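Descriptive analysis of the structure
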Amino acid sequence: WERSWRRPHLSLQVLAANQVTRFVMAAFPKHSRAVGFKASSHRFRSAVRLLVWVALPAFAHGEGFLCDNYNCSDYTQTTMILAGDEVAEGDPQQFLISGTLPDDIALFSVLTDMRLLYNRFSGTISKAITDLPLETLDLFTNYFSGTIPADLSKLTALQRLDLARNALSGTIPEGLTDLALLRILFLKDNEISGTVPRQIGKLSRLGILEFTSMALTGPIPESFGGLDPEICALQEGNPELSCYEGEISDFRESTSCLREAAQIPCQPPSAPPPPSSPPPLEEVVQFTVSCETVGVATRRKLQDGEPLSTDSVFAYVSTTMPEDVADRDIVVTAVRNGRGRRLQQGEPEGRRLQDDDPCDFDYPVEVYVRGDVTIDEVLVVVNAPSFEAGLDDFIVEPVGIGEVTTAVVLVPSPFAPPSSPPLQEVVFVDIAEIDSNGRRRMQDGVPLSEESVFAYVSTTMPDGVADRDIIVSAVRGGRGRRLQEDELNGRQLQDPDDLVYLVDIYVRGDVTSDEILNVVSSTAWEAGLDAFIAEPVGVLSVALGLQPTPAPFSPPSAPAPATRTEYVCFDVHCRLCGAAADGCAMGSACYVHRCGQGLGSSTKTECEQTCKAPPARARKDPHLYLPHGARADFRGAHNATFAMLSAKDVAFNVKVLGEDFNWAKRIVHGTKMAAAYWVVRTSTGRLIKVEYDCTSTLGGVVRETGQRDIYLKKVESPLTVDNVFIAMMESKKLVVTVDGKWTLSASVSPIPFGNLAANKNKKLLDIEIEPLYDADRDVVAPHGIIGQAYDGDDIGIHGKIDSRRGDETTTTAQAEGAIEGAWEEYMVSSPFSTDFKYSRFDATSAKPRDVSKLTGTKTPWGVKKQTVGATDLPEVN
């Protein structure tokens, strides 16, 4: 019979069967002209149900409908049962039905019983079903999205409504309370928000009401307490619900829904939002300084004067403005001419990068009108011919001034309140070498570097994206401390393939983020990048976010000699500019890239307040970035929990699971951190436990004995418990801060190369550990896999790193050499356990580990050791 269905003009086929209860045939989609499938019951003792498949083109796999009569081709069925198997719901071998529910369903005009549970239907719930005389509508466990149709209130005969375990959103329609015959109402496990309908009490015949695991908020209406179904479930999974509005009577005589409502505590009223104030605006005079393009060849190029730069333009403008115009009121930036010279196709080998000739730039000048100065006074100065002539005499190159305009603009960031820095949309692109073992290393092209990545990006952006809107920086695999060029002798830079190149493209002017995303997300853009760069490179991630406006862009130029005492942070140490003994002599990397750049402090004490090492971290597979600059890899064990930090009154554990990391042409069998667990004893002795699972849809969970659980799912004000602050931040980052002691965070991240089918929808946790005090000298020395490295010295002790060679590898490194004892000694018996061999949770004193017994390579803090693990990939901040 299956072969007979494959005949292209088949319209009807009869099958005799003993008892047919459910049928789905994968061959059906191939026959758009088939209209029905009929099971005959003659010759059998008991009547069998009929099975029909009707050609509804919106269905994806051609589905079978179980009918209750023998005529299934004229839409006279009253019963449609197309149920998958609950056990098979996660089994791809089972024939679960997918696709959308078509409007043609309305053709079954006498349908009273419709059950499509345990399938994979998606899309919105068709409003066409509201025209049917349904008594049962069961869509349990599918992928329906959108809102619950308000027109369901037209199904006045409906007795059972089950929409549970879908992806429905919006609110509960108030019209559902008009379904007076309703006996069963399941809406649980959806993303439905809003309040419980005010007239819910009208559903007096309800026998089951399930509203759990949604996102309901607000008070519970008084009518809810009048319902007395056999099952009334509301509290679980709705942490934002507030208390019952009516009176709670004697529990012995109360209804089931009243008893449920009585268990829900009252939420404190939310504070009204602060009154909004208009953004600060200021008048500004704007003009642009640029090199003259006419007569340059016949003009003198070496007259006495200052070389053209942001500094020289600023120097001239600041000395010619009216008396009350302060230096801080003048902003000079540099932008490559228009859009900059685009690279030409077919250029000679190496594709020369654009020169840093000062005349390759325009120099926009903004003079903010503040205090007693008027805009007319500033305009009189800059519009005078003598102003442009004086500028030309002051600058070596022949320069002129473009059109002078005025505008009203937002106060720029240096003058904005520090609590509300201006934010801008930014497109983030991570670029790195990929598959280096299997690809050629020296095709024609520019060597991989910050400059070559910038050159390609700047020439491919939409018109309107200026070069100053593009920032490219190189970090070690793992977004560590940004690299400094021309480091001191003996400090060799890592190879380009050891680095990740972070591109930040600021969205400004008339350009939209979608325009930029369309460019950088295209396969052609990535292919062009790979062809432009000598090494094999690829785009590893593209994201859109907000971040503060960066400092004004200025073209590369030698810094002016330091004219005052200046301490700068370099390699996590404060150094005196110009002092050879301090490692910051003139010409050194410290001096060139830190001194005279506005990055320093006048005193060493002030510098040390901001000069500190980055947080210790564990990323991806997991790669450990330990205190004092050390590195190690740690596999752990599948389904085991390990103590990452154990300190006085603080414990931070992670659960490890086995995971495969798939590259385009390589696979690594490793592990990932799947859940994080915090245990904190507060300043008053309360024991707070926090859990964050990378697969949870409920966010973080805060627990305390005798109190209800609190769920942190969205970004909002921190939850405060004595001296402990717990908050969900942007990018699904849960942060626990112990005031004056520790900041401990866990972030949900996708598996790297998430665009590969094998990595789709896989997630993991990355963690960070940052002390807020001198943890190296605590009388209770911290411990744990990461915490023990706060051991009172400036020495980084490196552990074993997994090899990344081969098409298929399995990680084995257990941070040997960097940790005290054996790795198994750091396992804890349960997620919130604080007890293991080196526990410090209840200690009153404890010495640091004995570093002389550790076998790992030791390097002074700030000196890089070239170590790259088996799955080192770009990390996301």
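Residues numbered from 1 in each chain as written. Predicted model: local features only at pLDDT ≥ 70, side-chain atom pairs only at ≥ 80, totals over all residues. Heavy atoms only, no water.

1. As for the packing of helix α3 (residues 310-320) against helix α5 (residues 385-394)
Relative orientation of the contacting elements α3 and α5 amounts to 140°, with a least axis distance of 10 Å. The pairing of α3 with α5 is recorded here as oblique in orientation. Between α3 and α5 lies a crossing whose hand is right-handed. Within the contact between the two elements, α3 uses Ser-312, Ala-315, Tyr-316, Val-317 and Thr-320 and α5 uses Ser-386, Phe-387, Gly-390, Leu-391 and Phe-394. In terms of residue class, the contact of α3 with α5 is made up of 6 nonpolar, 4 polar and no charged. (Axes fitted to C-alpha atoms, helices over the stretch in contact; angles between N-to-C directions. Helix = DSSP H or I, 4+ residues; strand = E, 2+ residues; numbered from the N terminus. Parallel < 35°, antiparallel > 145°, perpendicular 65-115°, else oblique. Left-handed = near helix turned anticlockwise from the far one by under 90°. Contact = heavy atoms within 4.5 Å. Nonpolar A, V, L, I, M, F, W, Y, C, P; charged D, E, K, R; others polar.)

2. Some remarks on the packing of aromatic side chains
Throughout the structure, instances matching the rule amount to 17 aromatic pairs. Taking the centre distance of 5.0 Å and the plane angle of 20° together, the rings of Phe-652 and Trp-678 count as stacked. Note that Phe-652 is positioned in strand β36 (residues 650-662) and Trp-678 in strand β37 (residues 667-681), a separation of 26 residues in sequence. As far as the burial class goes, Phe-652 and Trp-678 line up, both buried. Feature note: the residues Phe-287, Tyr-316, Phe-387 and Phe-394 constitute an aromatic cluster, connected by ring pairs. (Phe/Tyr/Trp six-rings, centres within 6.5 Å; stacked < 30°, edge-to-face > 60°. Buried < 20%, exposed > 50% of the residue type's maximum accessible area, 1.4 Å probe, protein only.)

3. Some points on the side chain of Asp-162
With respect to the secondary-structure elements, Asp-162 resides in strand β11 (residues 160-162). A residue is classified by how much of its surface remains accessible, and Asp-162, at 5% relative accessible area, is buried. Each residue touching Asp-162, except ones within four places of it in the same chain, is listed here: Leu-137, Asp-138, Leu-139, Phe-140 and Phe-186.

4. Quick notes on the pattern of salt bridges
Note on pairing: side chains with opposite charge can pair once their charged atoms come close. As enumerated under the stated definition, the model contains 25 salt bridges in all. Across the pair Asp-469 and Arg-508 runs a salt bridge, and its minimum N-O distance is 2.3 Å. Of this pair, Asp-469 sits in the loop between α6 (450-460) and β27 (470-476) while Arg-508 sits in the loop between β28 (499-506) and α7 (513-520), and the two are 39 residues apart along the sequence. Across the pair, exposure class does not vary: Asp-469 and Arg-508 are buried alike. Across the pair Lys-620 and Asp-766 runs a salt bridge whose closest N-O atoms are separated by 3.0 Å. (Salt bridge = Lys/Arg side-chain N within 4 Å of Asp/Glu carboxyl O.)

5. Considering the pairing of β36
For a regular strand, side-chain orientation follows a simple rule: the groups alternate between the two sheet faces. In terms of strand pairing, strand β35 (residues 640-647) meets β36 through 7 bridges, oriented antiparallel. Note on β36: the bridge partner recorded for Ser-646 is Ala-651. Here β35 folds back onto β36, and the loop between the two strands holds 2 residues, one of which, Asp-649, carries a positive phi near 70°. Of the strand pairs in this sheet, β36 and β37 are connected by 13 bridges, and their pairing is antiparallel. Looking at the pairing, Leu-657 lines up with Lys-672 of β37. (Pairing = 2+ DSSP bridges.)

6. A closer look at the side chain of Asp-802
With respect to the helices and strands, the residue Asp-802 is situated in the loop between β46 (795-797) and β47 (808-810). An unpaired buried charge is present at Asp-802: no salt bridge exists, and Lys-800, the closest side chain of opposite charge, is 5.8 Å distant. Among the polar contacts made by the side chain of Asp-802, one reaches the main-chain amide nitrogen of Ala-813 at a distance of 2.9 Å. (Lys, Arg positive; Asp, Glu negative; His and termini not counted. Polar contact = N/O pair within 3.5 Å; in protein donor to acceptor, adjacent residues only side chain to side chain.)

7. A short note on the nonpolar core
Across soluble globular proteins, nonpolar side chains show a tendency to be buried alongside one another. Counting 54 residues, the largest nonpolar core has Leu-624, Trp-678 and Ile-769 as its most contacted members. Excluding residues that lie within four positions of it along the chain, Leu-624 makes contacts with Arg-617, Ala-618, Ala-630, Arg-631, Ala-632, Asp-633, Phe-634, Met-644, Ile-785, Ile-786 and Ala-815. Counting residues in each nonpolar core, the second largest holds 51 residues, with Leu-216, Phe-224, Leu-234 and Leu-258 among its members. (Core = buried A, V, L, I, M, F, W, Y, C linked by side-chain atoms within 4.5 Å.)

8. Observations regarding the sheet that holds strand β44 (residues 742-750)
Across the sheet, 8 strands lie side by side as β34-β33-β32-β45-β44-β43-β42-β41; this open sheet has antiparallel pairing. This sheet does not close on itself; its edge strands, each paired only once, are β34 (631-633) and β41 (719-721). Within the sheet, the average angular offset between the axes of one strand and its neighbour, ignoring direction, is 15°.

9. Thoughts on the sheet that holds strand β12 (residues 167-169)
Strand order across the open sheet formed by 4 strands is β6-β8-β10-β12, with parallel pairing between neighbours. Edge positions in the open sheet fall to β6 (98-100) and β12, since each of these has one partner strand only. Averaged over all pairs of adjacent strands, the angle between their axes in this sheet comes to 20°, without regard to strand direction. Sheet analysis places strand β10 (residues 143-147) next to β12, joined by 3 bridges and oriented parallel. Bridge pairing in β12 places Thr-147 opposite Ser-169.

10. Some points on the packing of α6 against helix α8 (residues 523-532)
Direction vectors running N to C along α6 and α8 enclose 140°, while the axes themselves pass 11 Å from each other. Comparing their axes, α8 and α6 come out oblique. As α6 packs across α8, the resulting crossing turns out to be right-handed. Counted together, Ser-452, Ala-455, Tyr-456, Val-457 and Thr-460 of α6 and Ala-524, Trp-525, Gly-528, Leu-529 and Phe-532 of α8 form the full contact between these two elements. Residue classes in the contact of α6 with α8 are distributed as 7 nonpolar, 3 polar and no charged.

11. Topic: the environment of Ala-813
On the secondary structure map, Ala-813 appears in the loop between β47 and β48 (827-828). Considering only alpha carbons, one finds Ala-813 and Gly-636, 177 residues apart in sequence, at a separation of 8.6 Å. Beyond its immediate stretch of four places on either side in the chain, Ala-813 contacts Asp-633, Phe-634, Arg-635, Lys-800, Ile-801 and Asp-802.

12. What to know about α3
Helical periodicity: at 3.6 residues per turn, an α-helix aligns residues three or four positions apart in one direction. Taken together, the buried positions of α3 are occupied by Thr-310, Ser-312, Val-313, Tyr-316, Val-317 and Ser-318. Against β20 (281-291), β21 (330-332), β23 (361-368) and α5 lie the buried residues of α3.

13. So, unusual backbone geometry
Residue Arg-165 is not a glycine yet carries a positive backbone phi of 55°. Here Arg-165 is to be found in the loop between β11 and β12. Its relative accessible area of 32% is what places Arg-165 among the partly exposed residues. The phi angle at Asn-761 is positive, at roughly 65°, despite the residue not being glycine. Topologically, Asn-761 is positioned in the loop between β44 and β45 (763-771).

14. Description of the confidence of the model for the protein chain
In this model, the protein chain carries a mean pLDDT of 75, and residues with pLDDT of at least 70 account for 73%. When mean pLDDT is taken per element in the protein chain, β35 scores highest with 97 and strand β1 (residues 12-16) scores lowest with 27. Counting contacts from residues 1-72, a segment whose pLDDT is below 50, to residues more than four positions away or on other chains yields 160 contacts. Low pLDDT, under 50, characterises residues 436-442; the predicted model gives this stretch 15 contacts beyond four residues in sequence or across chains. (pLDDT = per-residue confidence, 0-100.)

15. What about α8?
Every buried residue of α8 is listed here: Trp-525, Leu-529, Asp-530 and Phe-532. For α8, the angular spread of the buried residues around the axis is 165°, confining them to a single face. In α8, the exposed positions angled more than 90 degrees off the buried face are occupied by Thr-523 and Ala-524. (Arc of directions from axis to C-beta.)

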